[in-house]
Amino acid sequence: MTREVQITFDCADPRGLGAFWAEVLGYQMQPPPQGFDTWEAALEAWGVPRDQWNSRWAILPPDGNGPRVFFQRVPEGKSAKNRVHLDVRVAVGQSGDERMATFEVEAARLAELGATRAYRVEPDGRMELGFLSMLDPEGNEFCLD
């Protein structure tokens, strides 16, 4: 039996956080259903109250190769460290200074989109290759790896 994985974020602003992660991952907004030019047109036609239009959002990989990422509005804010997080692999095959420089360039780009740098772990020449820990605009941890 084939299974697919969807990654789901609980958040305060599904559309905003979805736009951030679409930029991080190179994804795109999930297109509106067939017969509608926009999501707004679909939601209006379905009678969804305007205050619920930003209650859900989804992004997809443009080539269909990867999981759908879903964002759902929840009433409570983030209160503790994530037990699961995403590693965004931007330096595959790189090592040492080149790897860490790639992280710095990407961290600067993501900061312009609303991410916050948390901390940097240096390569140790043994098992640790180095990574950069970040927070998305709603405080969810992720790593540049």
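Heads up: the structure comes first, above all this text.
Read on for a plain summary of the structure. (Residues numbered from 1 in each chain as written. Predicted model: local features only at pLDDT ≥ 70, side-chain atom pairs only at ≥ 80, totals over all residues. Heavy atoms only, no water.)

### With respect to the environment of E76
Right, on to step 1. Of note, E76 is situated in the loop between strand 4 (68–73) and strand 5 (86–88).
Right, on to step 2. As for E76 and D136, which are separated by 60 residues in sequence, their C-alpha atoms are 17 Å apart. (Helix = DSSP H or I, 4+ residues; strand = E, 2+ residues; numbered from the N terminus.)

### Looking at the sheet that holds strand 7 (residues 131–135)
Right, on to step 1. Across the sheet, which stays open at both edges, the four strands sit in the order 5-8-7-6 with mixed pairing between neighbours. Edge positions in the sheet fall to strand 5 and strand 6 (116–121), since each of these pairs with one other strand and no more. This sheet shows a mean twist of 25 degrees between the axes of neighbouring strands, independent of strand direction.
Right, on to step 2. As defined by bridge partners, strand 7 adjoins strand 8 (residues 141–144) across four bridges and the pair is classed as antiparallel. Looking across to strand 8, one finds that S133 is bridged to C143.
Right, on to step 3. Against the sheet, helix 1 (residues 14–25) touches strand 5 and strand 8, its axis set at about 45 degrees to strand 5.
Right, on to step 4. Seen against the sheet, helix 3 (residues 96–112) touches strand 6, strand 7 and strand 8 and runs at an angle of roughly 10 degrees to strand 7. (Pairing = 2+ DSSP bridges. Axes fitted to C-alpha atoms, helices over the stretch in contact; angles between N-to-C directions. Contact = heavy atoms within 4.5 Å.)

### Observations concerning the nonpolar core
Right, on to step 1. Counting 23 residues, the largest nonpolar core has W21, I59, F71, M134, F142 and L144 as the members making the most contacts within it.
Right, on to step 2. Secondary-structure elements contributing two or more residues to this core are strand 1 (6–11), helix 1, strand 3 (56–60), strand 4, helix 3, strand 7 and strand 8.
Right, on to step 3. It is helix 1 that provides the largest number of residues to this core, a total of five residues.
Right, on to step 4. When neighbours within four sequence positions are excluded, I59 is seen to be in contact with G18, W21, A22, Y27, Q28, M29, Q30, R68, V69 and F71. (Core = buried A, V, L, I, M, F, W, Y, C linked by side-chain atoms within 4.5 Å. Buried < 20%, exposed > 50% of the residue type's maximum accessible area, 1.4 Å probe, protein only.)

### Points about the sheet that holds strand 2 (residues 28–29)
Paired through their backbone hydrogen bonds, the strands of a sheet run either parallel or antiparallel.
Right, on to step 1. Taken in spatial order, the four strands make up an open sheet running 1-4-3-2, and their pairing is mixed. Of all strands in the sheet, those with a lone pairing partner are strand 1 and strand 2, marking the two edges.
Right, on to step 2. As paired elements, strand 1 and strand 4 share six bridges and run parallel to each other. Opposite I7, over in strand 4, you have V69 as the bridge partner.

### Comments concerning the layout of surface pockets
Right, on to step 1. In this structure, the largest pocket spans a volume of roughly 470 Å³.
Right, on to step 2. Forming the walls of the largest pocket are 23 residues, and the residues nearest its centre are F9, D10, K78, N82 and N140.
Right, on to step 3. Looking at the lining of the largest pocket, the elements that each hand over two or more residues are strand 1 and strand 8.
Right, on to step 4. In terms of residue count, the dominant contributor to the lining of the largest pocket is strand 1 (five residues).
Right, on to step 5. Residue classes in the lining of the largest pocket are distributed as 10 nonpolar, six polar and seven charged. (1 Å grid on protein atoms, 1.4 Å probe; cavity = no way out; pocket = protein on both sides within 12 Å on 5 of 7 lines; lining within 4 Å. Points joined across faces, edges and corners; volume = space filled by probe spheres on them. Nonpolar A, V, L, I, M, F, W, Y, C, P; charged D, E, K, R; others polar.)

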